[in-house]
Amino acid sequence: MEFGIIGCGLIGRKRAKSLIDKHKITMVHDMDISQARSLAADIPECKVGSLEELFALQSIEAVVVAVRHDSLAPITLEALNAGKHVLVEKPAARNAMELKPVLEKAEESGLTVKVGYNHRFHPSIIQAKRLVDIGALGHLMFIRGRYGHGGRVGYEKEWRARRTISGGGELIDQGSHLIDLSQFFLGDFDKIDGLISTCFWEMEVEDNCFLTLQTPSKQVAWLQASWSEWKNLFSFEIYGRKGKLQIDGLGGSYGIEKLTYYEMSSEMGPPKTTSWEFPFPDESWQMEIDEFISAIEAGRPPVGNIREAVSVLNIIDAIYKENEVQ
């Protein structure tokens, strides 16, 4: 397939790397022309162009949208109007209302929109989902998830700290990943409770969030995301009536990715323990691109589709409303 990439920063580069061996990247665009030129220089026969030029190219079938939160939904809608399939980075918009026109256009046009919740494609999550789906844990009872990093010098001055651009703080940032993964395993939540707090950083958005989400069948997800986690952390635990799955690390500064399966014995007591480690390079970006293209070819909703992203944003919106964030 022929692709265009909109947004040539860190994530845009990751997407380009996952495309370049199998597909053609025809044009890239970034508001910072030097970023666009730098990425284009690494891609054979790739040009730098404006949004209008990129969308006008009939040969481009799909685009990656990897820009700031305030531009995600408008650019995705523009891409759909131009007849392009879209992989848009999470959270896909600053709020659910902003994303609904995109959902309507995608359904009206039949074009594929995938939202980049790439954590679903980490090997530990894939293996955990297989075990859950074959009934290894029995009926799921609850999830406990923690995710965080400590920011960096000047973090309070970056765009993520400006509500008009980001839509919020750590809740919409790493918190949205935890919500998405919890829905992936437990389904939709109908009871939503959360606290947001600015504990450390001098900024107008929250640097910590604490959530309790419940499904209609009373399964619970208890989640915390933090920008004051001084040692980068990812921990996601899934509890069933027959055992537990524990995922730690995401590679890199989060530590080696590891899945541990604690299988309850009939006598209870110490469980049988099986562990898998995934020390190899992060392949989730490549797997997510493959899923996006497979969904386009099959004419089916992708894993991590726009309706699921709207559901995540509805939860985030409810928590901000609960905490009276304007």
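This one's a predicted model, so the numbers in the text were calculated from it and none came from an experiment.

(A) Local environment of the overall build of the protein. Within the protein one finds 10 helices and 14 strands. Against the 2.2 N^0.38 benchmark of 20 Å for 326 residues, the protein shows a C-alpha radius of gyration of 20 Å, consistent with a compact globule. Taken over the C-alpha atoms alone, the protein extends approximately 65 × 40 × 40 Å along its principal axes. Relative to all contacts within the protein whose residues are 6 or more apart in sequence, the contacts with residues 24 or more apart total 64%. Element-wise, carbon and sulfur atoms account for 52% of the exposed surface of the protein, whose accessible area totals about 14,700 Å². The averaged location of the 46 negative side-chain charges in the protein is 3 Å from the averaged location of its 36 positive side-chain charges.

(B) Spatial organisation of the pairing of strand β7 (residues 140-148). Looking at chain direction, β7 and strand β11 (residues 233-240) are connected through 8 bridges and run antiparallel. Residue pairing in the sheet places Gly145 in a bridge with Phe236 of β11. Bridge count for β7 against strand β10 (residues 220-226) is 7 bridges, and the pairing is parallel. Following the sheet pairing, Gly148 is matched in β10 by Ser226.

(C) Quick peek at the packing of aromatic side chains. Overall, the coordinates contain 12 aromatic pairs when judged by the stated rule. Relative to Trp230, the ring of Phe200 lies with its centre 4.9 Å away and its plane at 75 degrees, an arrangement referred to as edge-to-face. One end of the pair, Phe200, is in the loop between β8 (191-197) and β9 (208-214); the other, Trp230, is in the loop between β10 and β11, with 30 residues separating them in the sequence. One aromatic cluster is present, formed by Tyr147, Phe184, Phe185, Phe234, Phe236 and Tyr254 through successive ring pairs. Over the ring of Phe184 we find Lys129; its NZ or CZ atom is 5.0 Å from the centre of that ring. The residue whose ring lies beneath Arg163 is Tyr320, and the NZ or CZ to ring-centre distance is 6.0 Å.

(D) Expanded view of the packing of helix α4 (residues 69-81) against helix α5 (residues 96-109). For the pair α4 and α5, the least separation of the axes is 9 Å and the interaxial angle reads 20 degrees. Here α4 lies roughly parallel to α5, going by the angle between them. Between α4 and α5 lies a crossing whose hand is left-handed. Here His69, Ala73, Thr76, Leu77, Leu80 and Asn81 of α4 lie close against α5, whose contacting residues are Glu98, Pro101, Val102, Lys105 and Ala106. Here the contact of α4 with α5 is built from residues that sort into 6 nonpolar, 3 polar and 2 charged.

(E) Fine view of the environment of Ile293. Summarising the element assignment, Ile293 is placed in helix α9 (residues 284-298). Contacts of Ile293, omitting those with residues within four sequence positions, involve Met1, Phe3 and His23.

(F) Fine view of unusual backbone geometry. Cis geometry marks the peptide bond from Lys90 to Pro91, where omega comes out at 5 degrees. Mapped onto the elements, Pro91 comes out in the loop between β5 (85-89) and α5. A positive phi angle is found at Ala92, which is not glycine, with a value near 80 degrees. Positionally, Ala92 belongs in the loop between β5 and α5. Phi is positive for Lys218, close to 70 degrees, though the residue is something other than glycine. Here Lys218 is to be found in the loop between β9 and β10.

(G) Here's a closer look at the sheet that holds β10. The mixed open sheet is built from 8 strands, whose spatial order is β8-β9-β10-β7-β11-β12-β13-β14. At either end of the open sheet lies a strand with only one pairing partner, and these are β8 and β14 (272-278). Strand after strand, the sheet turns through a mean of 10 degrees between neighbouring axes, direction not considered. Contacts from helix α6 (residues 123-133) reach β7, β11, β12 (243-248), β13 (257-263) and β14 within the one sheet, and its direction differs from that of β13 by about 20 degrees.

(H) Structural detail: the packing of α5 against helix α10 (residues 306-322). Viewed as axis vectors pointing N to C, α5 and α10 meet at an angle of 165 degrees, and their least axial separation amounts to 10 Å. With respect to their mutual orientation, α5 and α10 come out roughly antiparallel. Here the hand of the crossing between α5 and α10 comes out left-handed. Across the interface between the two elements, Ala96, Met97, Leu99, Val102, Leu103 and Glu107 of α5 pack against Ile306, Arg307, Ala309, Val310, Leu313, Asn314 and Asp317 of α10. Tallied by class, residues from the contact of α5 with α10 come to 9 nonpolar, 1 polar and 3 charged.

(I) Spotlight on the sheet that holds β5. Spatial ordering of the open sheet is given by β3-β2-β1-β4-β5-β6, a layout of 6 strands whose pairing is parallel. Edge strands, defined here as strands with exactly one partner in the open sheet, are β3 (47-48) and β6 (113-116). One ladder, built from 5 bridges, connects strand β1 (residues 2-6) with strand β2 (residues 24-29); its direction is parallel. Residue Phe3 lies in a different strand from β2, and its bridge partner there is Ile25.

(J) How the structure looks around the pairing of β1. Counting buried positions along β1 yields 5 of 5 residues, so the element is predominantly enclosed. A two-sided burial pattern is seen for β1, the buried positions comprising Glu2, Gly4 and Ile6 on one face and Phe3 and Ile5 on the other. Taken together, β1, helix α1 (residues 10-19) and β2 constitute a β-α-β crossover, and its handedness is right-handed.

The rules we used
Residues numbered from 1 in each chain as written. Predicted model: local features only at pLDDT ≥ 70, side-chain atom pairs only at ≥ 80, totals over all residues. Heavy atoms only, no water. Helix = DSSP H or I, 4+ residues; strand = E, 2+ residues; numbered from the N terminus. Rg over C-alpha atoms; globule rule 2.2 N^0.38 Å. Contact = heavy atoms within 4.5 Å. Areas by Shrake-Rupley, 256 points an atom, 1.4 Å probe, with all protein chains shown as cover. Lys, Arg positive; Asp, Glu negative; His and termini not counted. Charge placed at Lys NZ, Arg CZ, Asp CG, Glu CD. Pairing = 2+ DSSP bridges. Phe/Tyr/Trp six-rings, centres within 6.5 Å; stacked < 30°, edge-to-face > 60°. Lys NZ or Arg CZ within 6 Å of the ring centre and 35° of its normal. Axes fitted to C-alpha atoms, helices over the stretch in contact; angles between N-to-C directions. Parallel < 35°, antiparallel > 145°, perpendicular 65-115°, else oblique. Left-handed = near helix turned anticlockwise from the far one by under 90°. Nonpolar A, V, L, I, M, F, W, Y, C, P; charged D, E, K, R; others polar. Buried < 20%, exposed > 50% of the residue type's maximum accessible area, 1.4 Å probe, protein only. Right-handed = clockwise from strand over helix to strand, strands pointing away.

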